[in-house]
Structures are given as C-alpha cells and as structure tokens.
Amino acid sequence: MGIKDFESNFKAIKQSLAIDQNRKFELLTTQMETLALLYFDGSEEVTKQEEHQAKILYKNIQLYLKISFSLTGN
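In this text the structure is predicted, and so the values were computed from the model without any measurement.

K.L.:
Whenever I open this one, helix H1 (residues 3–15) confuses me. Can you help?
P.N.:
An α-helical turn contains 3.6 residues, so a residue and the one three or four places further along point in the same direction. Look at H1: 18 Å from first C-alpha to last across 13 residues, which is about the 18 Å you get at 1.5 Å a residue. For H1, the full list of buried residues reads Ile-3, Phe-6, Phe-10 and Ile-13. Buried residues of H1 fall within an arc of 90° about the axis and therefore sit on the same side. Opposite the packed face of H1, turned more than 90 degrees from it, sit the exposed residues Lys-4, Lys-11 and Gln-15.

Below, the structure written as structure tokens:
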C-alpha cells in the first residue's frame, strides 16, 4: 500500500456520509497505526519523500480527528 492509497482512503473516509463518526474514528486510527508501522519504525525501506508525505498525512488525520471529535463531543 503506497502513500497515495492512504491519502485516497483518508479522503474517502472523511467525505463519506455512510460511515458514522465512531466507525470513522476506528478506520482513521487504523490508518494512522498502519502509517506508523510502514513509514516510521524503520523496518521498511522508504524514501525521505515518502516518510515526509506520511508524516504530513499522519498529522492531517490527527488534526481531522481532533477537530471532528471535539465538535461532536465524542
């Protein structure tokens, strides 16, 4: 799974009206955990650019979850 796949998944999950907030939280948390395993733990060979893109996406997901769940009270 490449970084573009993660970006597409994030966009799809974020925009979906069919997925409830709790499920979005679960899915996006899993995305963050997978990003961390693939790009940050050093076990996979990744380029500096891939690592940089993964960090940006990770932070974007984190921010989205923080904003979304602080507004809904969850």
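K.L.:
Just to check I follow, could you spell out the environment of Lys-14 for this structure?
P.N.:
Mapped onto the elements of the fold, Lys-14 is located in helix H1. A relative accessible area of 35% places Lys-14 in the partly exposed class. Along the backbone, Lys-14 and Phe-25 are 11 residues apart, and their C-alpha atoms lie at a distance of 9.7 Å. Excluding residues that lie within four positions of it along the chain, Lys-14 makes contacts with Lys-24 and Tyr-64.

Cut-offs applied
- Residues numbered from 1 in each chain as written.
- Predicted model: local features only at pLDDT ≥ 70, side-chain atom pairs only at ≥ 80, totals over all residues.
- Heavy atoms only, no water.
- Helix = DSSP H or I, 4+ residues; strand = E, 2+ residues; numbered from the N terminus.
- Expected span 1.5 Å × (residues − 1).
- Buried < 20%, exposed > 50% of the residue type's maximum accessible area, 1.4 Å probe, protein only.
- Arc of directions from axis to C-beta.
- Contact = heavy atoms within 4.5 Å.

Coordinates in, geometry out; function isn't part of it.
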